[in-house]
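Read off the chains here:
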Amino acid sequence: MMLLRLSKVSDGKSDHCDSEEMEMGFNVLSGDEVVKSKRFVVKPRIKVWMARAITTVILWTSVVQLIAIGEFWGPKLLKGMPYCFSHQDASSSVDVAKDSVSAKVALPPKRIYKNNGYLMVSCNGGLNQMRAAICDMVAIARHLNVTLIVPELDKSSFWADPSEFQDIFDVDNFIASLRDEVRILKELPPRLKRRVELGMSYSLPPISWSDISYYEKQILPLIQKHKVVHLNKTDARLANNGLPIEIQKLRCRVNFNALRFTSQIEQLGRKIVRILRERGPFLVLHLRYEMDMLAFSGCTHGCDSSEVEELTRMRYAYPWWKEKVINSELKRKDGLCPLTPEETALILKALDIDQNIQIYIAAGEIFGGKRRMARLRATYPNLVRKETLLEPSDLMYFQNHSSQMAALDYLVSLESDIFVPTYDGNMAKVVEGHRRFLGFKRTILLDRKHLVPLIDLYMNKSLSWDEFSIKVKKSHAKRMGNPKRRVIIPNRPKEEDYFYSNPHECLPLQEDL
């Protein structure tokens, strides 16, 4: 009917229409036909307008609903997206913002390879000894194309720290950040786990300072045969030098990127640094004059007879500390003993370290207590430690967890204006290497073999203070953490420079070293 009416209109009139009538939507008709034409044209226009209005209302309602849902679910669903944040994020502290930025880093793609088996490792020693070992084990697992199980930390050493890997390190970051290099699992698959529990696995301590070929020829066949191999000692099991460049760079990547401390440790470490920074520059002194160090090394210079007896008794109590009868003075002259607090005060003053600077003591309880610290405190009165900077409630969670306390000292040591270790133990070496990586921060590496005779000459009044100070400064002018290459000694790897104290393959400007 409608089509017919349109045809009639078209046939009954010329193609020329009155412009005003066309604007109103009417055709030139007469009588009843005009009314019919109105119904035909006006009603559809009303329907279009209503449809648009209803659609607009629906769309805006949907938008409002989505915004409401986004406020609740957005942070959970979209927290990895760089452009999504909640009101809480906007008002959070700078530290939390830094954490969220680091969490938004895109994960690398998984590495696809034929899995040759599973490698379990049990680390031994203190925090930094275990840290270096973990880096080595990741590199070995990558080279052998095996799946690494998250390392087990030492709980039976002198410190008896019950901490698990995830109590110290961010285990999820460790696994995810290395997924393009090696597959890492938190535990063995159930079937293999049952086999290990039944004793159906192979366990051994690898040979120290081994080249990667040792792991190719000796360890890989064992993994392929037994499916699971457990390396029950991991410290210093990979050579410092003579390794492919990709292995050296992977060791650095694990150390400087994958081994991130837990958020609790990171946050408290930043709090300590913030408190120190508000008060001015600070020096971290790794004063390795604790009871375990002295008992192990047999270094008793400055101790009274009862203290010497106590340290000797302790050394005999631990059968794995192999040295029994030790000539303390001979070891000291060979530079194999940590400097005493009194000796340390002399050296810092001779190096013209400002006596008003804050000195943060990165160490456990100093053997001899206040008596042995008196000279150092008289020379440098602004001595502080984490226990004096924080409230007891801040450290409550970390008490009786020596590795977690050491992790706090590690973070503060990295951020210090100057770092001075009094003994070249594992922490001193690993912090030295990390500070090199961060831009060759000033690290004073004390030459104890050269310093001990100078100290004795000064104490015997054979050297004046000015002569003593000049000699100390001159001998340490090039021992401030400057760029240099590691010392390589063929066939004597234990005497070489330690990889983690100077990973020059990973450092900038290595061609100029």
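All figures in this text were calculated on a predicted structure; none of them were measured in a lab.

### Examining unusual backbone geometry
At step 1: The backbone of Lys-227 sits at a positive phi, close to 70°, despite the residue not being glycine.
At step 2: Mapped onto the fold, Lys-227 is located in the loop between helix 10 (212–226) and strand 5 (228–231).
At step 3: Despite not being glycine, Asn-400 shows a phi value in the positive range, around 65°.
At step 4: Of note, Asn-400 is situated in the loop between helix 19 (392–395) and helix 20 (402–415).

### Structural notes on empty space enclosed by the protein
At step 1: As enumerated under the stated definition, the model contains three cavities of 30 Å³ or more in all.
At step 2: Approximately 90 Å³ is the volume found for the largest cavity.
At step 3: Lining the largest cavity are 15 residues; nearest its centre among them are Cys-299, His-301, Arg-332, Cys-337 and Pro-338.
At step 4: Looking at the lining of the largest cavity, its residues break down into seven nonpolar, five polar and three charged.

### Brief notes about the packing of aromatic side chains
At step 1: This structure, assessed with the given rule, holds 12 aromatic pairs.
At step 2: Considering the side-chain rings of Tyr-214 and Tyr-215, the 5.0 Å spacing of their centres and the 80° angle between planes classify their relative orientation as edge-to-face. Across the pair, Tyr-215 and Tyr-214 agree in class, each one buried.
At step 3: Seen in terms of ring centroids, Trp-465 and Phe-468 are 5.5 Å apart; in terms of plane orientation they differ by 45°. Their pairing is tilted.

Quick notes on the rules
- Residues numbered from 1 in each chain as written.
- Predicted model: local features only at pLDDT ≥ 70, side-chain atom pairs only at ≥ 80, totals over all residues.
- Heavy atoms only, no water.
- Helix = DSSP H or I, 4+ residues; strand = E, 2+ residues; numbered from the N terminus.
- 1 Å grid on protein atoms, 1.4 Å probe; cavity = no way out; pocket = protein on both sides within 12 Å on 5 of 7 lines; lining within 4 Å.
- Points joined across faces, edges and corners; volume = space filled by probe spheres on them.
- Nonpolar A, V, L, I, M, F, W, Y, C, P; charged D, E, K, R; others polar.
- Phe/Tyr/Trp six-rings, centres within 6.5 Å; stacked < 30°, edge-to-face > 60°.
- Buried < 20%, exposed > 50% of the residue type's maximum accessible area, 1.4 Å probe, protein only.

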